[in-house]
Amino acid sequence: MNQKNSYDPQPQNMTNHFGWEIPRCYLDPKTEFIAAQTDAVVHNSSYVGRLKATGPDTLDLINRMSTNQVLNLGHDRCAHTILTTNRGRILDLIHVINTDESILVLTSPGEQLNVINWLDKYTIMEEITVEDLTTSTRMITLIGPNCILNLDSLIGSNLQSLEPYSTQLVNISDEIVRIIKKPLGDIQTVDLIIEPQQLDKIWDTILDSGTFLPMGIDAYESFRVEHAIPGHSSEMGESYNPLETGLIGSIDFHKGCYIGQEVIARLDSYKKIQKHLVTLSIQSDHDIPAGADLLCDGQYAGKVTSVALNPSTNRLVGLGYINTANAQIGTKLGLDGYDSDTAEITGLPQLFGAGE
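A quick note: this is a predicted structure, and the numbers were derived from the prediction, not measured.

### Focus: the nonpolar core
Ile140, Leu142 and Leu192 are the most contacted members of the largest nonpolar core, which totals 67 residues. Not counting residues up to four positions away in its chain, the partners in contact with Ile140 are Val42, His43, Ser45, Val190, Asp191, Leu192, Ile194, Leu199, Ile202 and Trp203. Membership of the second largest hydrophobic core comes to 21 residues, among which are Leu91, Val96, Val105 and Ile128.

Here it is in structure tokens:
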């Protein structure tokens, strides 16, 4: 999309998504999905939790409560880390952003209050104040292999040279906006944190450039499942530990103690992981629900956690957890209750890499 597109995208079929009215689509899911795969889209991600933490002990507290090293996070830098329970289970995957004036924390959708309460639970003498910015700000996410290049062309910047997991302020149509360069695996994404009154102007400016298409929640969900981005309550939560979820790249095994550290270290050292998150190619003419049991040789092997239609291939894709003994690429599984349907394991995703 190097030339201005001729679409007139309008929001269609609004749906409530974690308390936010978000369009299900603008054009059609296939067009939006392919644009995210091959070029660039803009998505209203205001439903993502946003917190502002201030106080000299903020990074120290988060560092002592989560899996990755954030204590020495420099100004204008970002890090992904996981808040875990004392059993080593996932409370939430968060992104910590060090700005000049405060620490921003991005949480999973709908999890911002749980994160605040978790931090508050372990705050004793620390000087830290946490404010929920989710409803008082808005967030736009640019997605796709050309999203940074296209944004550079729009605002006359050189964000291509900005290191991954960095943040800075930029000018978009005479509005000062904080951007966060935050790749998810091999997916290029840029988050824009903006004021509510800026949303329409910046959204229109991005679309009017002709180098982005808008993406609704239907295409985004297909994209999320296709690219194995775990969702809270489906692939993340207190039913799972970070190693099972393939989030080993968010764990620093050389840092000091944190909540759940001993459990996670023991699971890693002794290879005691009981199940793995996998990607699935599903052969079915039915609407396969999340929660469906997966079978290997007629025996329970795991369960489906997310299902979506890949609109570019018109095939079902899924995420699921499979017992370690059966978690191998190419393994074909049955679906309990759907005798003629199958699911084949296509990958064992690690969103942030294999770690050290």
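Moving on, there is more to tell.
### Describing the sheet that holds strand E16 (residues 299-310)
Taking strand neighbours around the barrel as the criterion, the six strands line up as E14-E17-E16-E15-E18-E19 in a closed arrangement whose pairing is antiparallel. Adjacent strand axes in the sheet meet at a mean angle of 45 degrees when their direction is disregarded. As defined by bridge partners, strand E14 (residues 275-283) adjoins strand E19 (residues 338-347) across five bridges and the pair is classed as antiparallel. Across the sheet, residue Ser281 finds its bridge partner in E19, namely Glu344. The sheet strands contacting helix H6 (residues 217-226) are E16 and strand E17 (315-323), and the helix crosses E16 at an angle near 140 degrees.

### Considering the environment of Val42
Summarising the element assignment, Val42 is placed in strand E3 (residues 41-44). What makes Val42 buried here is its relative accessible area of 0%. Separated by 102 residues in the primary sequence, Val42 and Gly144 place their C-alpha atoms 9.0 Å from one another. Ignoring any residue separated from it by four or fewer positions in sequence, one finds Val42 in contact with Ile140, Thr141, Leu142, Trp203, Ile206, Leu207, Phe212, Leu213, Pro214 and Met215.

### Details of the state of the cysteines
Inspection of the entire model under this criterion finds zero disulfides. Cys78 takes part in no disulfide bond, and the closest cysteine sulfur, belonging to Cys147, lies 15 Å away. On the basis of relative accessibility, which here comes to 6%, the residue Cys78 falls in the buried class.

### Section: the side chain of Asp252
Within the secondary structure, Asp252 sits in the loop between H6 and helix H7 (261-269). Look at Asp252: it is buried, it has no salt bridge, and the nearest opposite charge is Lys255 at 7.0 Å. Looking at Asp252, its side chain comes within polar contact range of the main-chain nitrogen of His254, at 2.8 Å. Polar contacts involving the side chain of Asp252 include one to the main-chain amide nitrogen of Lys255, which spans 3.3 Å. Discounting residues that sit within four places of it in the chain, Asp252 has contacts with Thr67, Asn68, Gln69 and Glu356.

Reading the values: the criteria
- Residues numbered from 1 in each chain as written.
- Predicted model: local features only at pLDDT ≥ 70, side-chain atom pairs only at ≥ 80, totals over all residues.
- Heavy atoms only, no water.
- Core = buried A, V, L, I, M, F, W, Y, C linked by side-chain atoms within 4.5 Å.
- Buried < 20%, exposed > 50% of the residue type's maximum accessible area, 1.4 Å probe, protein only.
- Contact = heavy atoms within 4.5 Å.
- Pairing = 2+ DSSP bridges.
- Helix = DSSP H or I, 4+ residues; strand = E, 2+ residues; numbered from the N terminus.
- Axes fitted to C-alpha atoms, helices over the stretch in contact; angles between N-to-C directions.
- Disulfide = S-S within 2.5 Å.
- Lys, Arg positive; Asp, Glu negative; His and termini not counted.
- Salt bridge = Lys/Arg side-chain N within 4 Å of Asp/Glu carboxyl O.
- Polar contact = N/O pair within 3.5 Å; in protein donor to acceptor, adjacent residues only side chain to side chain.

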